[in-house]
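What follows is the residue order along each chain.
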Amino acid sequence: MRNLIIIISLILAAGNATAENYTIKMLNTKSININGKEMHKGDTFNEKAKINWSSDNQAMKVLSETNNLYVITPKLFKKTGVKSFSDFIATTKAATVRATDGFPVSVEDHKKLLSGDFILMDSISIKVGWKMDKSSYFIAKNKKNRVTLRIPHNDSSLIFTPEILGKAFENDSNLNLTVMYVEEAYNDATLITNDMNIVVVPMIDE
């Protein structure tokens, strides 16, 4: 019996050793309860941890050991239907999105990058493969009020922040966007996606 207990302990220890750790980079509340412990910005937990949300509006941004950023909310957990933090990470997009199957070149490559659900706390950065300058750029149109935003960029990445989207789209926190690529020299606009959904997470005073 004693030997069995030792073997089980070793197996559990090995499992925890291989679990990836995540560092809290941002919270929209003062703290968050993980595994029964109050944690703050800068604290670290592993992917097997249990998150005890204080409300449906709570959110946090975490950084993985592989340098990927993720924004996590209880609403997203419910929407994706996952039961564990590790499963959620496996099914959601990173907050800093980069092509994983080579450099984005085609319309389809960019559609994969820009389609789906995104949760925005402080910023989202999406690396694209087409040039961006004064006459070539990406635009986003809000289906609700038909407002068009010329998406800001930094080098080769599109940048979304609450301030940019709030100013353009009248502080709407649930955006369903159509994204296009404009080339003024050819008087042309290429549809990238009709399905970019951004939810802006508010800061909560506790």
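Scroll up for the structure.
Residues numbered from 1 in each chain as written. Predicted model: local features only at pLDDT ≥ 70, side-chain atom pairs only at ≥ 80, totals over all residues. Heavy atoms only, no water.

Focus on the sheet that holds strand E12 (residues 148-150)
Hydrogen bonds between backbone atoms are what pair the strands of a sheet, whose relative direction is either parallel or antiparallel. If you walk across this open sheet you meet the 5 strands as E9-E16-E15-E11-E12, and the pairing is mixed. The open sheet has two edge strands with one neighbour each: strand E9 (116-120) and E12. Averaged over neighbouring strand pairs, the angle between their axes works out to 35 degrees when direction is ignored. The sheet contact formed by E9 and strand E16 (residues 188-200) spans 5 bridges and is parallel. Each residue of the ladder has a partner; that of Leu-120, found in E16, is Val-200. (Pairing = 2+ DSSP bridges. Helix = DSSP H or I, 4+ residues; strand = E, 2+ residues; numbered from the N terminus. Axes fitted to C-alpha atoms, helices over the stretch in contact; angles between N-to-C directions.)

Quick look at the pairing of E16
In regular strands, side chains alternate between the two faces of the sheet. Across 9 bridges, the pairing between strand E15 (residues 174-183) and E16 is antiparallel. By the bridge assignment for E16, Asn-176 is matched with Asn-197. Linking E15 back to E16 in an antiparallel pair, the connection comprises 4 residues, with Asn-187 at a positive phi of about 50 degrees.

Considerations on the pattern of salt bridges
All told, the structure shown has 3 salt bridges when counted by the stated rule. Of the charged contacts, one joins Asp-133 and Lys-131 as a salt bridge, the two residues approaching to 3.9 Å between their closest N and O atoms. Asp-133 sits in the partly exposed class, given a relative accessible area of 30%. Its relative accessible area of 55% is what places Lys-131 among the exposed residues. One salt bridge connects Lys-144 with Asp-172, and the closest N-O pair in it is separated by 3.0 Å. (Salt bridge = Lys/Arg side-chain N within 4 Å of Asp/Glu carboxyl O. Buried < 20%, exposed > 50% of the residue type's maximum accessible area, 1.4 Å probe, protein only.)

With respect to helix H4 (residues 107-114)
For the α-helix, the turn length of 3.6 residues means that residues three or four positions removed from each other point alike. Every buried residue belonging to H4 is among His-110, Leu-113 and Leu-114, and all of these are buried. One side of H4 carries all its buried residues, which in axial view fall inside an arc of 85 degrees. Remark: Gly-116 follows H4 within two positions and exhibits a positive phi of approximately 105 degrees. (Arc of directions from axis to C-beta.)

What about the nonpolar core?
In this structure, Leu-114, Phe-138, Phe-160, Met-196 and Ile-198 are the most contacted members of the largest nonpolar core, which totals 26 residues. Those elements giving two or more residues to this core turn out to be H4, E9, strand E10 (124-127), strand E11 (136-142), strand E14 (157-160), helix H5 (162-168), E15 and E16. In terms of nonpolar packing, the next biggest core, distinct from the first, is built from 24 residues, Ile-32, Ala-59, Phe-77 and Met-121 among them. (Core = buried A, V, L, I, M, F, W, Y, C linked by side-chain atoms within 4.5 Å.)

Quick look at the environment of Pro-202
If you trace the backbone, Pro-202 turns up in the segment after E16. For Pro-202, a relative accessible area of 47% puts it in the partly exposed group. C-alpha of Pro-202 to C-alpha of Asn-57: the two residues are 145 residues apart in sequence and 7.9 Å apart in space.

Quick notes on the sheet that holds strand E7 (residues 69-72)
Reading across from one edge, E4-E1-E6-E7 is the order of the 4 strands in this open sheet, with antiparallel pairing throughout. Each having just a single partner strand, strand E4 (44-46) and E7 make up the two edges of the open sheet. Averaged over all pairs of adjacent strands, the angle between strand axes in this sheet comes to 35 degrees, irrespective of strand direction. Here 4 bridges tie strand E6 (residues 60-64) to E7, and the two strands are oriented antiparallel to one another. Following the sheet pairing, Leu-63 is matched in E7 by Leu-69.

What is shown is where atoms sit, not what they do.
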